[in-house]
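This is what each chain is made of:
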Amino acid sequence: MYNLIGAGLIVIGGGIGLGQIGGKAMEGIARQPEAAGKIQTAMIIIGALLEGLAFGALLLGK
Amino acid sequence: MKIAQKSIKFLALALLVLISATSFASSTDKKHDTQNDGGRVNSKEEISDYIKHHLADSHDFTLFSYSNDAGERKHFGFSLPVILWSSKGLVAFMSSEFHHNDDGHVLVDRKGLKFAKIHSKIFELDANASTVSFDETHHATNAHKVLDFSITKSVVGILIAGFLIFFGFTKLAKQYKTRDIPKGFGRVLEPLVLYVRDEIAKPNIGEKKYRKFMPYLLTVFFFIWILNLMGLTPLGFNVTGQIAVTVCLALITLVVYITNGSKDFWAHTLWMPGVPKLLRPILAVLELAGFLLIKPFSLLVRLFANITAGHSVVMGIAALMILLKSQFGTVGATGISFFLTLFLTVIELLVAFLQAFIFTMLSALFIGMAVEEHEHH
């Protein structure tokens, strides 16, 4: 039961983080469409780092 | 141009057939099959057991199994060699000798030793024991684990992936001796190789040093990608979802960037310049923990958890047809779970590529951090 609540909290945190990353990246691309490629790559890297953190926490909670 | 279009069309068609075959196979599988040993899947517990069984490695290569009218279990697939290092040395036999038993009731005699398979792990019985006895937590009390070098299902998957990579790329490499543009399947591989070079290796490692690491990055990229895609076929591989495999991949990356670390990298890691002397040991501990533990850990956990989560979600959605059968009837429940599985499998195709890309990208990033030489003013 508690680990399910924990999993929910992790997903909330991860979702907020991914939303921030994706939203800011889109803003950046809208401002500077010519830098879209670079922004996208950086976005994926940061997203992956965040994902690693969230998955690590999920595994530890399991 | 025309030929390229043709091959793209062919690829798209092949992909489509593959996707629908996957969903169909995984859907029908679940109707009949359960764990290795028998029975039908009906309840939630059985479904979760079935998914757990799929996520683990196995000593048999079972494509599907069903119960016939007489109540017998029929298994389709083939057995794989079991190779063990026991207390009396090397022992080898085929996994069919366990007769798909997974709870330690079937014993195999070799060299006067008895072996039993319990939950996909092989145990050697103690000298005077004749059957496996369990304590109340279902742990065997008179048997111990042996060193297991078996050709398991995952090992078969790795061998197939290695075979595909070896033949695909030697063929591609040979073509460059006689012509400028590869033909046939090489035309699909070339853009991917260039993509890894131009988008992953060059920006992260730098123009000067990237060539040395291209073989490693290409190998790891195609290895993970092919194994991820094989996980989506009805063969039911789950290789990149085995934590042992991802641990080894992350360890190889660790060894690569540690052995190639430049003088500046070690100076900055162990004795950071420009920082008060008191702080330097603390920073060294943090930096070492980051490079030796956290970075490989995040690499291995990301790949493992993504593939495991993807497989469990696809299988859980496929199992919806059993849970919804009472509400929607057989056809309705199958239709619902078919389209959801199809949808998720397409997403999984994207994830398969993305995870291979991320693993290669972060490996390149870490290698780039390690080989970088700073300009001294």
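Fair warning: this is a prediction, and the values are worked out from it, not measured in the lab.

**Some thoughts on the overall build of chain B**
- When its secondary structure is counted, chain B shows ten helices and nine strands.
- Looking at chain B as a whole, 30% of its 377 residues qualify as buried.
- Nonlocal contacts in chain B, meaning residues at least 24 apart in sequence, comprise 59% of its contacts between residues at least 6 apart.

**With respect to the sheet that holds strand E7 (residues 121–125) of chain B**
Residues and elements named next belong to chain B.
- Ordered by their spatial adjacency, four strands build an open sheet running E5-E6-E7-E8, and the pairing between neighbours is antiparallel. A single partner strand is all that each edge strand has here, and the edge strands are strand E5 (103–110) and strand E8 (143–145). Mean inter-strand twist for the sheet, computed between neighbouring axes without regard to direction, equals 35 degrees.
- Pairing analysis gives three bridges linking E7 to E8, with the strands arranged antiparallel. Within the sheet, the bridge partner assigned to Leu125 lies in E8 and is Ala143.

**A look at the environment of Thr308 of chain B**
All names here are of chain B.
- Relative to the assigned elements, Thr308 resides in helix H8 (residues 279–318).
- Residue Thr308 is classed as partly exposed on the basis of its C-beta count, with 19 C-beta atoms lying within 10 Å.
- Taking the C-alpha atoms as reference points, Thr308 and Leu55, 253 residues apart in sequence, are found 7.0 Å from one another.
- Beyond its immediate chain neighbours, meaning those up to four positions away, Thr308 contacts Leu55 and Gly241.

**Observations regarding the interface of chain A and chain B**
- Taken together, the contact between chain A and chain B spans ten residues of the former and eight residues of the latter.
- Of the residues that constitute the side of chain A that touches chain B, the class distribution is seven nonpolar, two polar and one charged.

**Concerning the sheet that holds strand E4 (residues 89–94) of chain B**
Residues and elements named next belong to chain B.
- In spatial order, the strands read E4-E3-E9; together these three strands make up an open sheet with antiparallel pairing. The two strands at the open ends of the sheet, each matched to only one other strand, are E4 and strand E9 (147–148).
- Bridging between strand E3 (residues 81–86) and E4 involves six bridges; their strand directions are antiparallel. From the neighbouring strand, Val82 faces E4, where its bridge partner is Phe93.

**Describing helix H4 (residues 186–205) of chain B**
Residue and element names in this part refer to chain B.
- Maximum bend of H4: about 25 degrees, positioned at Arg197.
- Every buried residue of H4 is accounted for by Val196, Ile200, Ala201, Asn204 and Ile205.
- Buried residues along H4 sit against helix H5 (210–230) and helix H10 (325–371).
- Two residues or fewer after H4 comes Gly206, characterised by a positive phi angle close to 105 degrees.

**Comments concerning the pairing of E3 of chain B**
All names here are of chain B.
- Where E3 folds back onto E4 in an antiparallel hairpin, the turn is made up of two residues.
- Where E3 and E9 come together, two bridges link them in antiparallel fashion. Counted as the bridge partner of Leu84 is Asp148 from E9.

**Here we look at the pairing of strand E2 (residues 73–79) of chain B**
All names here are of chain B.
- Judged from the seven bridges that link them, strand E1 (residues 60–67) and E2 form a sheet pairing that is antiparallel. Among the inter-strand pairings, Asp60 is bridged to a residue of E2, identified as Ser79.
- Between E1 and E2, which pair antiparallel in sequence order, lie five residues; one of them, Gly71, sits at a positive phi of approximately 85 degrees.

**What about the packing of helix H6 (residues 243–259) of chain B against H8 of chain B?**
All names here are of chain B.
- Running from N to C, H6 and H8 cross one another at 145 degrees; their axes reach a closest spacing of 9 Å. Crossing angle aside, the handedness with which H6 passes H8 is right-handed. Mapping the contact onto sequence places Ile243, Thr246, Val247, Leu249, Ala250, Leu251, Thr253 and Leu254 in H6 and Pro296, Leu299, Leu300, Leu303 and Phe304 in H8.
- The residue makeup of the contact of H6 with H8, split by class, is eleven nonpolar, two polar and no charged.

**A short note on the UniProt feature "domain: V-ATPase proteolipid subunit C-like" (unreviewed entry) in chain A**
- This chain's UniProt record puts "domain: V-ATPase proteolipid subunit C-like" (unreviewed entry) on residues 5–59 of chain A.
- Along residues 5–59 of chain A, the helical share is 93% and the strand share 0%, with 14 Å between the first and last C-alpha atoms.

**Describing the domain arrangement of chain B**
Residues and elements named next belong to chain B.
- As far as domains go, chain B holds domain 1 (2–20 + 154–371) and domain 2 (28–151).
- Relative placement of domain 1 and domain 2: their C-alpha centres are 31 Å apart.
- Taken residue by residue, the interface counts 15 residues in domain 1 and eleven residues in domain 2.
- Elements with a minimum of two residues in the side of domain 1 that touches domain 2: helix H3 (153–178) and H8.
- No other element matches H8, which puts six residues into the side of domain 1 that touches domain 2.
- Here the residues of the side of domain 1 that touches domain 2 sort into six nonpolar, nine polar and no charged.

Basis of the calculations
- Residues numbered from 1 in each chain as written.
- Chains lettered and ligands numbered in written order.
- Predicted model: local features only at pLDDT ≥ 70, side-chain atom pairs only at ≥ 80, totals over all residues.
- Helix = DSSP H or I, 4+ residues; strand = E, 2+ residues; numbered from the N terminus.
- Buried ≥ 20, exposed ≤ 12 C-beta atoms within 10 Å, placed from the backbone.
- Contact = placed C-beta atoms within 7 Å.
- Pairing = 2+ DSSP bridges.
- Axes fitted to C-alpha atoms, helices over the stretch in contact; angles between N-to-C directions.
- Nonpolar A, V, L, I, M, F, W, Y, C, P; charged D, E, K, R; others polar.
- Bend = angle between axes of the 7 residues up to and from the residue.
- Left-handed = near helix turned anticlockwise from the far one by under 90°.
- UniProt positions renumbered as here; feature names shortened; annotations may be inferred.
- Domains from an automatic or database assignment.

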